[in-house]
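Breakdown of the fold
Below, each chain spelled out in residue letters.
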Amino acid sequence: MATIGTNIGQAKQLLKIGQLVAIPTETVYGLAANAFDIEAVTRIFDAKKRPTFDPLIVHTHSFETLNEFAENIHPKLIKLAQIFWPGPLTLLLSKKSIIPDLVTSGLDRVGVRIPNHPLTLELLKQLPFPLAAPSANPFGYISPTSAKHVNDQLGSKIEYILDGGSCQVGLESTIVGEEHGEIIIYRLGGLAIESIKEVIGDVSVQLNQSSNPKAPGQLKSHYAPKKPIFIGNITELIKRHADKKIGAITFGDRHFSQSNIVIKNLSPTYNYKEAAINLFSFLRELDDSNVDIILCELLPEVNLGLAINDRLIRAAS
Ligand code: TXA
Ligand code: MG
């Protein structure tokens with residue numbers, strides 16, 4: 001199992017010799033390696049059993065360091081970066097050659113993000129290179145929002161997990177880029193689309209689903225628990241699956257008369273932020289419990305409800 005701790009020096013030493021370290025961010029935990037080191041980046045793909053056509057996000061600590069590895073940044077994207085970084089926003093930018101093709105799966109753009117977590121920001125400041133880091137889960141499974149989640153599944157494959165507590169956003173970053181002057185959202189995430197529109201006006205949403213898309217994190221089936229998961233009206237789903245041990249993920253002020261159902265309420269007070277924080281840990285809890293199936297309802301299609309629904313639908317695919 002990995003060592004879990006808060007020792008930035010140790011994390012730094014391991015990263016400098018090409019090893020993997022799990023890092024906390026405000027969205028989800030990442031599995032990090034030196035983004036300039038192809039061997040180290042290869043270890044990420046191996047540990048996650050991740051296909052190399054699925055590119056990695058590069059994490060850095062300041063807007064200034066960006067110029068080392070990205071160019072021709074659209075003014076609207078600069079504006080988003082100025083307002084939302086550090087934060088749950090990834091920008092797809094024209095890459096410079098210093099970023100290995102392995103990191104971007106051969107694409108012309110690199111995904112970049114300044115994460116908002118004090119431990120990881122400090123680590124990034126002390127390192128002479130940026131960190132490539134996907135979510136620290138086996139490929140296709142639910143993203144980790146605590147050091148324990150990382151250790152449970154990848155503990156045997158990494159030396160050190162930098163423990164930054166529970167993630168304060170709980171959903172992966174929103175991915176934004178530009179094509180022919182148009183700003184496009186490629187992945188719904190922890191930064192609500194409404195917040196983006198307030199700053200730069202209208203944007204289009206392009207959530208790819210094919211097997212070789214521009215943003216493969218958008219594969220149709222992803223973020224999936226091992227147990228079957230069904231989406232719909234919970235009361236009806238409960239009736240239909242009456243012979244099974246049921247776990248249910250709900251939202252808002254809901255009560256169910258059945259006593260044999262494990263209910264995990266994302267937010268009894270309709271708070272989207274709270275729901276986002278709880279989503280992945282509730283899915284994991286139910287997946288690790290003795291229920292046979294997981295039932296869930298979609299949230300209203302506003303605010304972080306959009307990204308939460310996106311994850312639920314992919315989990316159920
Ligand atoms: O919040 C997050 O974004 C977390 C934390 C650790 O930063 N990271 C994360 O990484 O969710 P990952 O690898 O699980 O998802 C990254 C996704 C890829 O699957 C892909 O969809 C998209 O980001 N992506 C990354 N680089 C890209 C690129 N160059 N072009 C298109 N899409 C890219
Ligand atoms: Mg992921």
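In what follows, the structure referred to is the one given above.
Every chain is numbered on its own, with residues counted from 1 as its sequence reads. Whichever chain is written first becomes A and whichever ligand is written first becomes 1, with later ones labelled in order. Owing to the predicted nature of the model, reporting of local features is limited to residues with pLDDT of at least 70; listing and counting of side-chain atom pairs is limited to 80 or more, with chain, interface and lining totals taken over all residues. No hydrogens and no water enter the side-chain calculation; it runs on all heavy atoms of the structure.

Our focus in this paragraph is unusual backbone geometry. Cis geometry marks the peptide bond from Trp85 to Pro86, where omega comes out at -10 degrees. As for its placement among the helices and strands, Pro86 is situated in the loop between helix H4 (75-84) and strand S6 (89-95). Of note in the backbone geometry, Ser105 takes a positive phi value of approximately 55 degrees without being a glycine. Strands are runs of DSSP state E lasting at least two residues, helices are runs of H or I lasting at least four, and both sets are numbered from the N terminus onward. Within the secondary structure, Ser105 is located in the loop between helix H5 (101-104) and strand S7 (109-113). Exposure is judged per residue with a 1.4 Å probe applied to protein chains only, and the accessible area is read against the type maximum: over 50% gives exposed, under 20% gives buried, and values in between give partly exposed. Ser105 gets classed as partly exposed once you look at its relative accessible area, which sits at 23%.

This part takes up the pairing of S7. Counted residue by residue, S7 has five buried out of five residues, so it is predominantly covered. Along S7, one buried face is formed by Arg109, Gly111 and Arg113 and the opposite face, lined by Val110 and Val112, is buried too. In this sheet, S7 lies alongside strand S4 (residues 57-59) in parallel orientation, the contact comprising three bridges. Bridge pairing links His59 to Arg113 in S7. Strand pairing is assigned whenever DSSP detects at least two bridges linking the two strands. Note: S6 against S7, four bridges, orientation antiparallel. Paired with Leu93 across the bridge in S7 is Val110.

Our focus in this paragraph is a nonpolar patch on the surface. Side chains of Ile231, Leu298 and Ile313 sit close together on the surface and give an oily, nonpolar patch of about 220 Å² of accessible area. Take Ile231: it is sitting in strand S13 (residues 229-231). On the accessibility criterion, Ile231 (30% relative accessible area) is partly exposed. Note that patches include only residues with greater than 30% relative accessible area and no salt bridge, and the join distances are 9 Å for like charges and 5 Å for nonpolar side chains (Val, Leu, Ile, Met, Phe, Trp, Tyr). Accessible surface area values rest on a Shrake-Rupley calculation with a 1.4 Å probe, where residue burial reflects the displayed protein chains alone. One side-chain nitrogen of Lys or Arg within 4 Å of one carboxyl oxygen of Asp or Glu is enough to make a salt bridge.

Buried and open spaces are told apart on a 1 Å grid over the protein atoms alone, a cavity being a set of points where a 1.4 Å probe fits but cannot get out and a pocket being an open set with protein on both sides within 12 Å along at least five of seven lines. Residues with an atom within 4 Å of a point are the lining residues. Grid points are joined across faces, edges and corners, and a volume is the space filled by probe spheres set on the points. Within this structure, the stated rule accounts for one cavity of 30 Å³ or more. Space inside the largest cavity adds up to approximately 60 Å³. Asp, Glu, Lys and Arg are counted as charged, while Ala, Val, Leu, Ile, Met, Phe, Trp, Tyr, Cys and Pro are counted as nonpolar; the rest, among them Gly, fall into the polar class. In terms of residue class, the lining of the largest cavity is built from eight nonpolar, three polar and no charged. Note that the domain bounds were set by an automatic or database domain assignment. Three or more residues apiece are contributed to the lining of the largest cavity by two domains, here domain 1 (3-205) and domain 2 (229-316).

Okay, the packing of aromatic side chains next. Working definition: a ring pair exists when centres of Phe, Tyr or Trp rings (six-membered ring for Trp) sit within 6.5 Å. Plane angles under 30 degrees give stacked, over 60 give edge-to-face, the rest tilted. A full pass over the atoms with the stated rule returns three aromatic pairs. Consider the rings of Phe251 and Tyr270, whose centres lie 5.6 Å apart with planes at 85 degrees: the pair is edge-to-face. Of the two residues, Phe251 sits in the loop between strand S14 (246-250) and strand S15 (262-265) while Tyr270 sits in the loop between S15 and helix H10 (272-288), which places them 19 residues apart along the sequence. Exposure remark for Tyr270: the relative accessible area of 48% places this residue in the partly exposed category. Relative to Tyr272, the ring of Phe251 lies with its centre 5.3 Å away and its plane at 40 degrees, an arrangement referred to as tilted. Linking Phe251 in the loop between S14 and S15 with Tyr272 in helix H10, this pair joins segments that are 21 residues apart in sequence. In textbook terms, an aromatic cluster arises when at least three aromatic residues are bridged by ring pairs, as seen for Phe251, Tyr270 and Tyr272. Two conditions define a charge located above a ring, namely a distance within 6 Å from the ring centre to NZ of Lys or CZ of Arg, and an angle within 35 degrees of the ring normal. For the cation-ring pair, Lys264 lies above Phe282, with the distance from its terminal atom to the ring centre recorded as 4.7 Å.

What follows deals with the side chain of Ser143. Considering the arrangement of structural elements, one finds Ser143 in the loop between strand S8 (131-132) and helix H7 (147-154). Polar contacts involving the side chain of Ser143 include one to the side chain of Glu172, which spans 2.5 Å. The criterion used for residue contact is that any of the two residues' heavy atoms lie within 4.5 Å. Apart from residues no more than four positions distant in its own chain, Ser143 is found in contact with Val28, Ser135, Asn137, Glu172, Tyr223, Phe280 and Arg284. Here a polar contact is recorded for every N or O atom pair within 3.5 Å, except that within protein the pair must consist of a potential hydrogen donor and a potential acceptor, and residues adjacent in sequence are included only if both atoms are side-chain atoms.

Spatial ordering of the open sheet is given by S13-S16-S14-S15, a layout of four strands whose pairing is parallel. Only two strands of the sheet have a single neighbouring strand rather than two, namely S13 and S15. Adjacent strand axes in the sheet meet at a mean angle of 20 degrees, parallel and antiparallel pairs treated alike. Where S13 meets strand S16 (residues 293-296), three bridges bridge the pair, whose relative direction is parallel. Of the residues in S16, the one forming a bridge with Ile231 is Cys296. Axis lines are fitted through C-alpha atoms, for helices just across the contact stretch, and the angle between N-to-C directions can take any value from 0 to 180 degrees. Packing against the sheet, helix H11 (residues 305-316) makes contact with S13 and S16, and its axis sits at approximately 130 degrees to S13.

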